[in-house]
Amino acid sequence: MYFNPQVKDNRNDFFNFEVIQEELKKAILDKNTPLIAIYGLRRTGKTSLIRVVLNSMSKKFIWIDSRDISSRDDFYKTLSDEIDKLKRFKIDKFTLKGVGLSLNFMKKGLDYLNKHKFVLVIDEAQLLKRLHLDNSVAFIYDNFPNIKIIVSGSESGMLKTFLGKNNAKAPLYGRAVFELQTGRLNKENGFTFLKEGSKQAKINFTDEEIMTAIKDLDGIIGWLTKYGWYRLKYAPKESLRRTIEEGSALAKEEFVKFASKAETRYKKIMKSIKGGARWDEIKKQMQISDKQLDSMMNRLIDSGFVEKIEGVYTIADPLLEASL
Ligand SMILES: Nc1ncnc2c1ncn2[C@@H]1O[C@H](COP(=O)(O)OP(=O)(O)O)[C@@H](O)[C@H]1O
Ligand SMILES: [Mg+2]
């Protein structure tokens, strides 16, 4: 069912995205594509896409969600636990706690992954940059050529930095990366998603209801899914209200975490961008230098909160905009 709010695992619950599914599949099968990167705004289906494609190919994989990783040792521990699960390798837990914890130490396990052509998925990989784990990914890339690495990230600019794009000093600089991008559904696909989803759920939304939902939620499939999920229980208006309320709270929480100590400033910028704005209009609202504003805008764009199209800045997520 499309409206199940969990990350999708199964092709039958997964709407459309055929082209990108095929591209990902091809890249996974291609021997000369060791590293795949999937960029896309939050809740546009990156995680679901990877899981659905790997499962449809019956590929064995190890999954690391970088949001759960708090230190380098934690990364190695998670990786070795996952290898253990696959192979019952029993990497010595006592030594794991010790000082010498490194990927080198796990060579035997990694050799096994390499030999069996496993896929290593690192979700939201940009979060590993602060732990300098781009180094470790480069180590795996260079020494275990048959381990296919898939990284994904909601913060496209940050993920590009992790991958060392345009930075000759970065550990992953110059490595071949095959890139894919998820995005919002266009109006037509958003419409079809809700229509077909409602048929599966045997509620049959009217065209008018669908248009209203899309107007507020845009083509962000995660929000449309949430709306559909609420519709299993509530009337259209109440479902939309709940989706907006809950979604805004979630989006706001992510934003506040990002802005951290500079929350007041970032909020002010975001407010000036509401509805779309050009540089000069934003600048007028802010008492900061061009250079400072430039760096803040770049961070907002790199982290997927703001988009810039033909000189106009907009807030990427309608529910984040609603929360401001
Ligand atoms: N193609 C799809 N068909 C049906 N539901 C989807 C699809 N893509 C994403 N979803 C739903 O949207 C939400 C967000 O998806 P997720 O894969 O977590 O996105 P991301 O990893 O980009 O943040 C989840 O509730 C998921 O079930
Ligand atoms: Mg995800």
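Use the structure listed above.
We now turn to the structure provided with this report. Keep in mind the model is a prediction, meaning the values are calculated, not measured.

So, how was this worked out
- Residues numbered from 1 in each chain as written.
- Chains lettered and ligands numbered in written order.
- Predicted model: local features only at pLDDT ≥ 70, side-chain atom pairs only at ≥ 80, totals over all residues.
- Helix = DSSP H or I, 4+ residues; strand = E, 2+ residues; numbered from the N terminus.
- Buried ≥ 20, exposed ≤ 12 C-beta atoms within 10 Å, placed from the backbone.
- Pairing = 2+ DSSP bridges.
- Axes fitted to C-alpha atoms, helices over the stretch in contact; angles between N-to-C directions.
- Near = placed C-beta within 6 Å.
- Nonpolar A, V, L, I, M, F, W, Y, C, P; charged D, E, K, R; others polar.

Phi at Asn16 is positive, roughly 55°, even though this residue is not glycine. In this fold, Asn16 is placed in the segment before α1 (18–29). Residue classification places Asn16 among the partly exposed positions, given that 15 C-beta atoms sit within 10 Å. Of note in this structure, Lys202 is not a glycine but carries a positive phi near 60°. Accessibility expressed as a C-beta count within 10 Å gives 7 for Lys202, which makes it exposed.

Within the element layout of this structure, Lys169 appears in the loop between α7 (156–162) and β5 (178–182). In this structure the C-alpha to C-alpha distance between Lys169 and Lys148, which are 21 residues apart in sequence, comes to 23 Å.

Moving on, we get to the environment of Glu188. Note that Glu188 resides in helix α8 (residues 187–200). Separated by 31 residues in the primary sequence, Glu188 and Gly219 have C-alpha atoms spaced 9.3 Å apart.

This part takes up the sheet that holds strand β3 (residues 119–123). Two orientations exist for strands paired in a sheet by backbone hydrogen bonds: parallel and antiparallel. Read from one edge of the open sheet, 5 strands run β2-β3-β4-β1-β5, paired in parallel fashion. This sheet does not close on itself; its edge strands, each paired only once, are β2 (61–65) and β5. In this sheet, neighbouring strand axes are inclined to one another by 15° on average, regardless of whether the strands run parallel or antiparallel.

Okay, the site of ligand 1 next. The environment of ligand 1 is formed by 22 residues, the closest being Phe15, Gly45, Thr47, Ser48 and Gly222. Counting residues per element, the ones that place at least two in the shell around ligand 1 are α2 (46–56) and α10 (221–231). In terms of residue class, the shell around ligand 1 is built from 7 nonpolar, 11 polar and 4 charged.

Extensive coverage of strand β1 (residues 35–40) is indicated by the burial of 6 of its 6 residues. Judged from the 5 bridges that link them, β1 and strand β4 (residues 148–153) form a sheet pairing that is parallel. Across the sheet, the residue bridging to Ile36 is Ile150, located in β4.

Function-wise, these values are silent; they only describe arrangement.
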